[in-house]
Amino acid sequence: MRSGGGISLAICLGLWAGAGQANAPDQSLRPVVRAGSEPVVAVQPDTTQEVSTEKSAKKKQRKGLFRALRPKKRSKKVGLFASKKKRELARGAVCGDTALQGEPVGHVPGKISGCGVADAIKLRSVSGVALSQRSVMDCGTAKALKRWVDGGLKPAVGRRGGGAAKIKVAAHYSCRTRNNKKGARISEHGKGRAIDISAVYLADGSELSVLKHWGQGWRGKALKKMHKVACGPFGTVLGPNADRYHRDHFHFDTARYRSGSYCK
């Protein structure tokens, strides 16, 4: 029984396998290449050129940025002008300061006892602001005037009218007594330690007059600021509120016979 059953099973399996081979396709399901056509090959994109182009663009961008940030080289003409200007300032400097332009005078004798200046200079401009007349004084007074121009005059005016351009000098060195009174003490003007200022001119030609504008609008405020800041660089500061002799000008001097500054 077992022998017959095994034979029957083998026969059945053989018949099933033969049927399967009969039904199998003659060729595989792989696509067939058509006649006259080339086999399609997948091509990987060449990124070498793209990377090179991108690097070149970035390099140009950086180069352009650095060129923009790099200060432009001054032309030879501009450089020569700057050098010439420096030489002129150096030649015209007095009291060892290029901001003080003028000429040395030396000893100025006095006509009366107590007058005179030991080592005088004749000042024509201070920190770029011209004086209406060349003014004789000593270096201590010239330096005090510079501190006032930089810390008082220029900030008080600001950019109005193009900024401060000229100082109207009412008086500088003069061998005389105080307020020209007979028998009075020698004025600081007679020692080269004083300067009187009656007005300030702006670059556009407009004027700030002590007589006309004291207490009047923005000009009056600017003048009061100038007057206030002078107290410090100068030992004595007098203005319209001091007395009738100073209603039309500021008097600044570097006398230090008092403790501190006298401002009125």
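### As for the pairing of strand β6 (residues 194-202)
Turning to step 1, where the next piece is worked out: In terms of burial, β6 is largely enclosed, as eight of its nine residues are buried.
Turning to step 2, where the next piece is worked out: Direction of pairing for strand β5 (residues 164-171) relative to β6: antiparallel, over a ladder of six bridges. Paired with I167 across the two strands is V200, which belongs to β6.
Turning to step 3, where the next piece is worked out: As paired elements, β6 and strand β9 (residues 250-253) share four bridges and run antiparallel to each other. If you follow A194 over to β9, its bridge partner there is D253.
Turning to step 4, where the next piece is worked out: Relative to strand β7 (residues 207-209), β6 runs antiparallel, the two sharing three bridges. Of the residues in β7, the one forming a bridge with V200 is L208.

### A word on unusual backbone geometry
Turning to step 1, where the next piece is worked out: Phi is positive for C95, which is not a glycine, with a value near 60°.
Turning to step 2, where the next piece is worked out: Relative to the helices and strands, C95 is located in the loop between β1 (93-94) and β2 (97-109).
Turning to step 3, where the next piece is worked out: Look at C95 and you get buried, because its relative accessible area is 17%.
Turning to step 4, where the next piece is worked out: Non-glycine residue N180 carries a positive phi angle of around 60°.

Conventions and cut-offs
- Sequence order sets the numbering: in each chain, residues are counted from 1 along the sequence as written.
- For this predicted model, a pLDDT threshold of at least 70 governs which residues receive local features, and a threshold of 80 or more governs which side-chain atom pairs are given and counted, while totals over whole chains, interfaces and linings are taken from all residues.
- As a rule here, side-chain values cover all heavy atoms of the structure and leave hydrogens and water aside.
- Think of it in three bands: residues with accessible area under 20% of the maximum for their type are buried, residues over 50% are exposed, and the middle band is partly exposed, with areas taken using a 1.4 Å probe on protein chains only.
- Secondary structure counts use DSSP, requiring at least four H or I residues in a row for a helix and at least two E residues in a row for a strand, with both numbered from the N terminus.
- For two strands to count as paired, DSSP must find a minimum of two bridges between them.

Just distances and angles here, no functional claims.
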